[in-house]
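Examination of the molecular architecture
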Amino acid sequence: MQANYVKRLQWLAAIMSIMLLSACGFALRGPVALPFKSIYIGMPESSALGGELRRHIRANGQTQVMSEAKDAQVILEVLSETREKQILSLNSQGRVREYNLIYNFRFRVRNNVGKEYLEPVDLQLKRNITFNESQVLAKEAEEVLLYRDMQSDLVQQIMRRLAVVKMDD
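Criteria and thresholds
- Residues numbered from 1 in each chain as written.
- Predicted model: local features only at pLDDT ≥ 70, side-chain atom pairs only at ≥ 80, totals over all residues.
- Heavy atoms only, no water.
- Phe/Tyr/Trp six-rings, centres within 6.5 Å; stacked < 30°, edge-to-face > 60°.
- Helix = DSSP H or I, 4+ residues; strand = E, 2+ residues; numbered from the N terminus.
- Buried < 20%, exposed > 50% of the residue type's maximum accessible area, 1.4 Å probe, protein only.
- Lys NZ or Arg CZ within 6 Å of the ring centre and 35° of its normal.
- Expected span 1.5 Å × (residues − 1).
- Contact = heavy atoms within 4.5 Å.

**Here we look at the packing of aromatic side chains**
Within this structure, the stated rule accounts for three aromatic pairs. Judged by centre distance (5.8 Å) and plane angle (80 degrees), the ring pair of Tyr 99 and Phe 131 falls under edge-to-face. A residue pair is termed long-range when its members are at least 10 positions apart, and Tyr 99 in strand 4 (residues 96-110) and Phe 131 in the loop between strand 5 (116-130) and helix 3 (136-163) qualify at 32 residues. Among the residues examined, Phe 131 registers a relative accessible area of 26% and is labelled partly exposed. Consider the rings of Tyr 103 and Tyr 147, whose centres lie 6.4 Å apart with planes at 75 degrees: the pair is edge-to-face. With Tyr 103 in strand 4 and Tyr 147 in helix 3, the pair connects residues that are 44 residues apart, well separated along the chain. Accessibility expressed as a relative area gives 8% for Tyr 147, which makes it buried. A cation over a ring is seen here: Arg 83 above Tyr 147, with NZ or CZ 4.7 Å from the ring centre.

**A short note on helix 3**
Relative to the 40 Å expected for 28 residues at 1.5 Å per residue, helix 3 spans 41 Å between its end C-alpha atoms, a close match to the ideal helical length. Those residues of helix 3 lying buried are Lys 139, Glu 143, Leu 146, Tyr 147, Met 150, Gln 151, Leu 154, Val 155, Gln 157, Ile 158, Met 159 and Leu 162. Of the surrounding secondary structure, the elements contacted by the buried residues of helix 3 are strand 1 (38-41), helix 2 (48-59), strand 3 (74-90), strand 4 and strand 5.

Nothing here speaks to function; it is geometry throughout.
Here it is in structure tokens:
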């Protein structure tokens, strides 16, 4: 009888905890709904960032990526995109011990007659990387991976910015 009572309490506690978790409002992030029907992305087809951004926009299923700016409702215009590598620290012999990788991206959103829907936005991502001259190839590969990770973060930030564009036609 006592064991049966304990099992019922455990089940009740489990059900209550599930109900509490479902009531907190937690939900996985779904596709980003963009407030426009079509977009032209002012980046070359060969651009890794442009390709990833196009894939994310197409994945939402509601917005078309146009190949011509004149056919699009809005245009994502890239104003600048730069990658930098700054020395962060040196060892006692004056050799580089750490670098700071910086990815700067500046863009705006407008229509094909020049009306601006999103003023120029500056995005900057930074990552630190240690350096060891005995592992040059491994550190170069790590740098490439860090830039790729920053690129993915950048696409997510751009998507969030695009989702809040106010379309007041």
